[in-house]
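Observations on the model geometry
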Amino acid sequence: MEIWINPACSKCRSALSLLDAEGASYTVRRYLEDVPTEAEIRAVLDRLGLEPWDITRTGEPEAKELGLGSWPREEAARDRWVTALADHPRLIQRPLITADDGSAVVGRTEEAVREALGRGRDAG
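Everything numeric in this text was worked out from a predicted model, so none of it was measured. (Residues numbered from 1 in each chain as written. Predicted model: local features only at pLDDT ≥ 70, side-chain atom pairs only at ≥ 80, totals over all residues. Heavy atoms only, no water.)

Topic: the pairing of strand E2 (residues 27-30)
What counts here: Pairing between strands is defined by DSSP: at least two bridges between the two strands are required. Counting from the N terminus, the helices are the DSSP runs of H or I reaching at least four residues and the strands are the DSSP runs of E reaching at least two. We call a crossover right-handed when, viewed with the strands running away from us, the connection from the first strand over the helix to the second turns clockwise.
Direction of pairing for strand E1 (residues 2-5) relative to E2: parallel, over a ladder of four bridges. What sits directly across from isoleucine 5, in E2, is arginine 30. In this region the chain leaves E1, passes through helix H1 (residues 10-21) and returns to the parallel neighbour E2; the handedness of that crossover is right-handed.

Right, here's the structure in full:
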């Protein structure tokens, strides 16, 4: 299991605390420092079953500067969104947790983190 975090994010810290309390084995990726490639973002999107605009923090100042609010949310624009996330990792929703069964969740709630934990245990 891997969790992509921003240490300054309270939701990330909460997710880590829950993983620790449950004795989960995981790897931390500080994605603002260890920026994911476009290929890694695509792989996580596939695991999440989501589109890039679904995991984009559109309220961030960088999103407004890029004008993301007016970008089309359609297949033809997918690569443009993925490139924006790779070039501006602060726009990636967090925390992202990849489970051992090949799935992933956006771990913003305790329920989502527990879902990832359950998937990881079911795969073992």
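Regarding the packing of helix H2 (residues 38-48) against helix H4 (residues 78-87)
Where we set the bar: Lines fitted to C-alpha atoms define the axes, with helix axes restricted to the stretch in contact, and inter-axis angles between N-to-C directions lie between 0 and 180 degrees. Orientation is classified from the angle alone, with under 35 degrees giving roughly parallel, over 145 giving roughly antiparallel, 65 to 115 giving roughly perpendicular, and any other angle giving oblique. Here a crossing is taken to be left-handed if its near helix is turned anticlockwise relative to the far helix by less than a right angle, and right-handed if that turn runs clockwise. Residue contacts follow a heavy-atom distance rule, with two residues in contact if any of their heavy atoms lie within 4.5 Å. Gly is put with the polar residues, along with every residue not named as nonpolar or charged; the nonpolar set is Ala, Val, Leu, Ile, Met, Phe, Trp, Tyr, Cys and Pro, and the charged set is Asp, Glu, Lys and Arg.
The geometry of H2 relative to H4 is characterised by a closest axis approach of 9 Å and an angle of 115° between their N-to-C directions. Relative to H4, H2 is oriented roughly perpendicular. The hand of the H2/H4 crossing is right-handed. Residue-level contacts link Glu38, Ile41, Arg42, Leu45 and Asp46 of H2 to Arg78, Asp79, Val82, Thr83, Leu85 and Ala86 of H4. Residue composition of the contact of H2 with H4, by class: five nonpolar, one polar and five charged.

Side note on the sheet that holds E2
Here four strands make up an open sheet; going across it, the order is E2-E1-E3-E4 and the pairing mixed. Two strands in the sheet have a free side with no partner beyond their single neighbour: E2 and strand E4 (104-106). Pairs of neighbouring strands in the sheet enclose a mean axial angle of 20°, with direction left out of account. Here E1 runs beside strand E3 (residues 96-98); their pairing, made up of three bridges, is antiparallel. Bridge pairing in E3 places isoleucine 3 opposite isoleucine 97. Against the sheet, H1 engages E1 and E2, with an angle of about 155° to E1.

With respect to the packing of aromatic side chains
Each aromatic ring pair is described using two quantities: the centre-to-centre distance and the angle formed by the ring planes. This is how the line gets drawn: The aromatic pairing rule takes the rings of Phe, Tyr and Trp, using the six-membered ring of Trp, and pairs them if the centres are within 6.5 Å, calling planes under 30 degrees apart stacked, those over 60 edge-to-face and the rest tilted. Relative accessibility thresholds used throughout: buried, under 20% of the residue-type maximum; exposed, over 50%; partly exposed, between the two (1.4 Å probe, protein chains only).
Across all of its chains, the model carries two aromatic pairs by this definition. For the ring pair tryptophan 53 and tryptophan 81, a centre distance of 5.8 Å and an interplane angle of 70° mean the geometry is edge-to-face. Linking tryptophan 53 in the loop between H2 and helix H3 (61-66) with tryptophan 81 in helix H4, this pair joins segments that are 28 residues apart in sequence. Relative to tryptophan 81, the ring of tryptophan 71 has its centre 5.4 Å away and its plane inclined at 80°; by these criteria the two rings are edge-to-face. Here tryptophan 81 lies in helix H4 and tryptophan 71 lies in the loop between H3 and H4, a separation of 10 residues in the sequence. On the accessibility criterion, tryptophan 71 (11% relative accessible area) is buried. By relative accessible area, tryptophan 81 is classed as buried at 0%. Three or more aromatic residues joined by ring pairs form one cluster here, namely Trp53, Trp71 and Trp81.

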